[in-house]
Amino acid sequence: MSSGPHIEQVRKLLTSIPGPKSQELIKRRAEAVSASLGMAIPVVVERAGGGVIVDVDGNSIIDMGAGIAVVNVGNSADRVVKNVKEQVEAFTHTCFMIAPYMGYIQVCEALNRLTPGDHKKKSALFNSGAEAVENAVKIARNFTKRQAVVVFEHGYHGRTNLTMAMTAKNMPYKDGFGPFTPEVYRMPMSYPYRCDSCSGSCQESVLDTVLHKIEKEIGAQNVACIVIEPILGEGGFIVPCKGFLPGLSKFCKENGILFIADEVQTGFARTGQMFACEDESIVPDLITTAKGIAGGLPLAAVTGRADVMDSIHASGLGGTFGGSPIACAAALGAIATIEEENLVERANELGLIMRNSLEAMKKKYPIIGDVRGRGAMQALELVIPGSKEPNPTALTSIIKYCQQNGVLILSAGTYSNVIRLLPPLVMPEHLLKEALEVLEAGLAQA
Ligand SMILES: *Cc1c(COP(=O)(O)O)cnc(C)c1O
């Protein structure tokens, strides 16, 4: 693999996890850093690249999270590093609204080209996924002159005030942080594993319920936008039944509602397509991106119909750091890596390895209720055997087992019972297979 820094691609444990140096530094963390911030694995990172993270004790850990689907191109990918170095030496900041620069323009051109649909598109850049979602809603409200925002059960859109209101899960994201912004309406989500009526085509009943509720409880004429993740991320990699997204998209078109795809987690090759919407040929009016956009630097975007994006008054959108020249340089490096190294195809290859292995595990371990996902975004939902009752205890035990054996795996889900696999797309296959073996051993001991 030509990208990634030149770190040996192995799982190697020199100490227990956490090692003595990490333990010391984690004490400093506890002294200095607010206790509110989570920590998936208690090691301090020294270097990372390809499919591994190396900690301060010299342990080389297989990275099955990619910093939450951020380093799809790997940590410190060659083209990202090169572009960032050149940009840092040229200039670090002017503020795009004060004095523009080419990197920002080129990232917008790339987004307009890569996102679904061949209509005329324009983009605006921000710092974080939540900020992109907030701006997409601002744009939709201003354009439609309507206020209501429709979101879904199990959805996640961020932690700012508006996006907290849009996020479904109370603990830990919302608890005690209210009041939340009004005019956000939550609808049932197509969740094939847990839809009572599901016989493989639950979209009909769930879709009907959603459209009925929108018409009767909000009034379609009051709805500015429907915001949905094409595959739910934090919600547990829920893939809606076929037809659900196209049905929503059609309803939007018929009612002058903007369809906003939140592809912050699913974007940039992760699902085996550049964007997950492509799977059912959905063309969103607006699409929000962040996470995988810039190889680890903070950048986010809203991309969509030029008439919508241009409808906002001058200086109506912006921000001091949004579309920083350094993050834009990184994004151009990340996008070039995805395209030149065919990472869309690679996501499918890694996805197939994960899917086959997870399906085989499901046959052996009745603790696995569901295997789902698309491309290199695969998950296991854990249940009490013989039921669909969530099993968060097993999840904790499996994740801990994996960590102690040098594999970093992330959790997700409304019921905290989903194991989600999000390897960097440049991970060598032997490492992925090794991580899956450790995961299986973790399942066996649970
Ligand atoms: C992570 C995420 C966000 C929020 O992005 P931040 O950069 O953390 O603000 C929004 N939407 C989705 C789908 C996400 O996965």
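Only a predicted model underlies this, so the values are computations on that prediction, with no experimental measurement involved.

**Q** What am I meant to see in the environment of Ile368 here?
**A** As for its placement among the helices and strands, Ile368 is situated in strand E11 (residues 368-374). Look at Ile368 and you get buried, because its relative accessible area is 4%. Counting along the chain gives 39 residues from Ile368 to Val407, while the straight-line C-alpha distance between them is 19 Å. Ignoring anything within four residues of it in the chain, the contact list for Ile368 reads Met361, Lys362, Leu380, Glu381, Leu382, Val383 and Leu443.

**Q** Before we go on, may I ask you to explain the layout of surface pockets in this structure?
**A** A probe as big as a water molecule, rolled over the atoms, marks out the empty space that is left. If you add up the space inside the second largest pocket, you get close to 530 Å³. Together, 23 residues line the second largest pocket, and Tyr104, Ser123, Ala124, Met309 and Leu317 are the ones closest to its centre. Elements represented by at least two residues in the lining of the second largest pocket include exactly helix H4 (102-114) and strand E4 (121-126). Ranked by residues supplied to the lining of the second largest pocket, first place goes to E4 with six residues. For the lining of the second largest pocket, the residue count by class is eleven nonpolar, eight polar and four charged.

**Q** What is the right way to look at the packing of aromatic side chains in this model?
**A** The geometry of an aromatic ring pair comes down to the distance between the two centres and the angle between the two planes. Summed over the entire model, instances satisfying the criterion amount to seven aromatic pairs. For the pair Phe91 and Tyr101, a centre-to-centre distance of 5.7 Å together with 65 degrees between the ring planes defines the contact as edge-to-face. Of this pair, Phe91 sits in the loop between helix H3 (78-90) and H4 while Tyr101 sits in the loop between H3 and H4; the two residues are ten residues apart in sequence, bridging distant segments of the chain. With a relative accessible area of 30%, Phe91 lands in the partly exposed category. Looking at Tyr101, the relative accessible area reads 7%, which means it is buried. For the pair Tyr101 and Tyr104, a centre-to-centre distance of 6.3 Å together with 75 degrees between the ring planes defines the contact as edge-to-face. This pair shows no difference in class: Tyr101 is buried, exactly as Tyr104 is. A cation sits over an aromatic face here: Lys174 above Phe180, 5.3 Å from the ring centre.

**Q** For this particular structure, what's the right way to read the site of the ligand?
**A** In the vicinity of the ligand, the contacting residues are Ser128, Gly129, Ala130, Tyr156, His157, Gly158, Glu229, Asp262, Val264, Gln265 and Lys291. Backbone polar atom of Gly129 to an oxygen atom of the ligand: 2.8 Å apart, as the coordinates give it. For the ligand, an oxygen atom lies 2.9 Å from a polar atom in the side chain of Gln265. When isolated, the ligand has an accessible area of 380 Å², and the protein chains bury 82% of it. Class assignment of the residues belonging to the shell around the ligand gives a composition of three nonpolar, five polar and three charged.

**Q** Help me out: how do you make sense of the pattern of salt bridges in this one?
**A** Oppositely charged side chains may form a pair once their charged atoms are brought near each other. Taken as a whole and assessed by the stated rule, the structure comprises 21 salt bridges. For the salt bridge of Asp310 with Lys122, the shortest nitrogen-to-oxygen distance reads 2.9 Å. Here Asp310 is found in the loop between helix H9 (306-309) and helix H10 (325-340), whereas its partner Lys122 is found in strand E4, with 188 residues between them in sequence. Put simply, Arg194 and Glu381 hold a salt bridge, and the shortest N to O gap is 2.7 Å. On the criterion of sequence distance, the pair formed by Arg194 in the loop between strand E6 (184-187) and helix H7 (203-218) and Glu381 in strand E12 (residues 377-382) is long-range, its members being 187 residues apart. Residue classification places Glu381 among the buried residues on the basis of a relative accessible area of 0%.

**Q** For this particular structure, what's the right way to read the state of the cysteines?
**A** Put plainly, two cysteines are in a disulfide when a covalent bond ties their sulfur atoms together. For the coordinates displayed, the defined rule picks out zero disulfides. For the unlinked cysteine Cys225, the closest cysteine sulfur is that of Cys252, found at 8.7 Å. In this structure Cys225 comes out as buried when scored by relative accessible area, which is 0%.

**Q** Mind showing me how you'd approach the domain arrangement of the protein here?
**A** Each assigned domain of the protein is listed with its residue range as follows: domain 1 (20-63 + 344-445) and domain 2 (79-340). Centre-to-centre, using C-alpha coordinates, domain 1 lies 26 Å away from domain 2. Here domain 1 and domain 2 share an interface that buries about 2,400 Å² over both sides, 54% of which is from carbon and sulfur atoms. At the boundary of domain 1 and domain 2, one finds three salt bridges. Between Arg374 and Asp279 there is a salt bridge, and its shortest N-O distance comes to 3.3 Å.

Reading the values: the criteria
- Residues numbered from 1 in each chain as written.
- Predicted model: local features only at pLDDT ≥ 70, side-chain atom pairs only at ≥ 80, totals over all residues.
- Heavy atoms only, no water.
- Helix = DSSP H or I, 4+ residues; strand = E, 2+ residues; numbered from the N terminus.
- Buried < 20%, exposed > 50% of the residue type's maximum accessible area, 1.4 Å probe, protein only.
- Contact = heavy atoms within 4.5 Å.
- 1 Å grid on protein atoms, 1.4 Å probe; cavity = no way out; pocket = protein on both sides within 12 Å on 5 of 7 lines; lining within 4 Å.
- Points joined across faces, edges and corners; volume = space filled by probe spheres on them.
- Nonpolar A, V, L, I, M, F, W, Y, C, P; charged D, E, K, R; others polar.
- Phe/Tyr/Trp six-rings, centres within 6.5 Å; stacked < 30°, edge-to-face > 60°.
- Lys NZ or Arg CZ within 6 Å of the ring centre and 35° of its normal.
- Near = heavy atom within 4 Å.
- Polar contact = N/O pair within 3.5 Å; in protein donor to acceptor, adjacent residues only side chain to side chain.
- Areas by Shrake-Rupley, 256 points an atom, 1.4 Å probe, with all protein chains shown as cover.
- Salt bridge = Lys/Arg side-chain N within 4 Å of Asp/Glu carboxyl O.
- Disulfide = S-S within 2.5 Å.
- Domains from an automatic or database assignment.
- Buried area = accessible area lost by both parts, 1.4 Å probe.

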